[in-house]
Amino acid sequence: MKRTKDPAVRVDSTGSRPDGLSHESHEHAERAMEILSPAGPLLVAFSGGADSALVLTMAVRTLGAEQVIAATSVAPSVARSELVSAEAFTAELGVRHEWPHTREIERADYRANERDRCYFCKSELADTLLGLAEQLKCRTVITGTNADDAVDPFRPGIRAADERGVIAPLRDAGITKHEVREISRAWGLRTWDKPANPCLASRIAYGLPIDAARLGRVEAAEELVRQALKSLGAENDNLRVRDLGERVRVELDAPHDQNLQGAQEIHSAITRAGFTGIPIDIGTFRSGALNIIDL
């Protein structure tokens, strides 16, 4: 399907278009869809987050739903709540949705949980999706990696995908995280303001061995803490329960991080999840906090 750019569109004094997008964001979106145009039929690595939801929507807008298949990994490191939201989104788009099981947890390099852990996880994912794409006669596998991800120094998984020929239209079109949300909002996607929710392994301090029990404990802790926050009238967008080995750190958005320092409900939730006899502290949410050595 060959796409053509919109004819000249009037913009206001701020550079915004009638659809609410800045001229630059519109141009970036058009570029991403141009990248997608010759790529179909294609398979989208769909986590359910804002980035992959946007690139999946772009693929459907460019190629039509019949040329697009979403694939969501099922693994111990993926929270079940994310699977539910991913299923709902693909149903709204009307695209076929596959649920391949990935086995990164069987890889010794992944379980060792060193700083390159993500490389082995994404290698497993890419290999699985490429095999699935071949079975389904898809020409291309695409991912929602954005332009900001590409300059993040802690993203070894991007290299794994690039080595295998997985395409990243958002990154290659220069779409930043801010623009992902801007375009998603303008297009009416309910994921436009969805908080980032990386894999459960990202909550476990480097060097602590990863296994299904450890991942499940983190998942249970976050769900129980969410319930506790709701009971306290303190629902919060960003939440992490970080397994640091000798202690557990619960990270919340301000001002909850200060107001709930001694909340027994949160301490009880962490204990009920299986973190028994371990010191618990509550601090401020920081994305990628395990890459900060003073945690």
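Keep in mind the model is a prediction, meaning the values are calculated, not measured. (Residues numbered from 1 in each chain as written. Predicted model: local features only at pLDDT ≥ 70, side-chain atom pairs only at ≥ 80, totals over all residues. Heavy atoms only, no water.)

Draft legend 1. A look at the overall build of the protein chain. When helices and strands are tallied, the protein chain shows 12 helices and 7 strands. Against the 2.2 N^0.38 benchmark of 19 Å for 295 residues, the protein chain shows a C-alpha radius of gyration of 20 Å, consistent with a compact globule. For the protein chain, the C-alpha atoms occupy an extent of roughly 65 × 45 × 35 Å along the three principal directions. Here the protein chain holds 295 residues, and the buried ones make up 51% of them. Each charge sign in the protein chain was given a centre, from 37 positive and 44 negative side chains, and these centres are 2 Å apart. (Helix = DSSP H or I, 4+ residues; strand = E, 2+ residues; numbered from the N terminus. Rg over C-alpha atoms; globule rule 2.2 N^0.38 Å. Buried < 20%, exposed > 50% of the residue type's maximum accessible area, 1.4 Å probe, protein only. Lys, Arg positive; Asp, Glu negative; His and termini not counted. Charge placed at Lys NZ, Arg CZ, Asp CG, Glu CD.)

Draft legend 2. The arrangement of unusual backbone geometry in detail. Residue Pro41 is bonded to the preceding Gly40 through a cis peptide linkage, with omega at -5°. Considering the arrangement of structural elements, one finds Pro41 in the loop between helix 1 (23-36) and strand 1 (42-45). Of note, the bond from Ala254 into Pro255 is cis; its omega dihedral lies within 30 degrees of zero at 0°. Secondary-structure assignment places Pro255 in the loop between strand 6 (248-252) and helix 11 (256-259).

Draft legend 3. Up close: the sheet that holds strand 7 (residues 280-284). Within the open sheet, the 3 strands sit side by side as 5-6-7. Their pairing is mixed. Of all the strands in the sheet, just strand 5 (239-243) and strand 7 have a single pairing partner and so form its edges. Across this sheet, the average inter-strand angle for adjacent strands is 20°, counted without regard to direction. Bridge analysis of strand 5 against strand 6 gives 5 bridges, and the strand direction is antiparallel. When the sheet's bridge partners are listed, Arg240 is paired in strand 6 with Glu251. Those strands touched by helix 10 (residues 212-231) are strand 5 and strand 6, and its axis lies near 140° from that of strand 5. (Pairing = 2+ DSSP bridges. Axes fitted to C-alpha atoms, helices over the stretch in contact; angles between N-to-C directions. Contact = heavy atoms within 4.5 Å.)

Draft legend 4. The arrangement of the sheet that holds strand 2 (residues 68-71) in detail. If you trace the 4 strands from one edge of the open sheet to the other, you get 3-2-1-4, paired in parallel fashion. Looking along the sheet, the strands with just one partner apiece sit at the ends: strand 3 (96-98) and strand 4 (140-142). The average angle at which neighbouring strand axes cross in this sheet is 30°, direction not considered. Here 3 bridges tie strand 2 to strand 3, and the two strands are oriented parallel to one another. Its bridge partner being in strand 3, Ala70 is matched across the sheet by His97.

Draft legend 5. Examining the confidence of the model for the protein chain more closely. In the predicted model, the protein chain carries a mean pLDDT of 91, and the fraction of residues at 70 or more is 93%. Low confidence marks residues 1-15, where pLDDT is under 50. Its contacts with residues over four positions away, or in another chain, come to 24 contacts. (pLDDT = per-residue confidence, 0-100.)

Draft legend 6. Summary view of the nonpolar core. Ranked by size, the top nonpolar core spans 36 residues in total, and within it Val225, Val250, Leu252, Ile266 and Ile270 carry the most contacts. Contributions of two or more residues to this core are made by helix 5 (117-135), helix 10, strand 5, strand 6, helix 12 (264-272) and strand 7. Here the element with the most residues in this core is helix 10; it accounts for 7 residues. With near-sequence residues (within four places) excluded, Ile266 lies in contact with Val225, Ala228, Leu229, Val250, Leu252, Leu260 and Ile282. Leu21, Ile35, Val44 and Phe46 belong to the second-largest nonpolar core, a separate cluster that totals 32 residues. (Core = buried A, V, L, I, M, F, W, Y, C linked by side-chain atoms within 4.5 Å.)

Draft legend 7. Up close: the state of the cysteines. In this structure the tally under the stated criterion is 0 disulfides. The thiol of Cys118 is unpaired, and the distance to the nearest cysteine sulfur, on Cys121, comes to 5.9 Å. Under the relative-accessibility criterion, Cys118 is labelled partly exposed at 24%. (Disulfide = S-S within 2.5 Å.)

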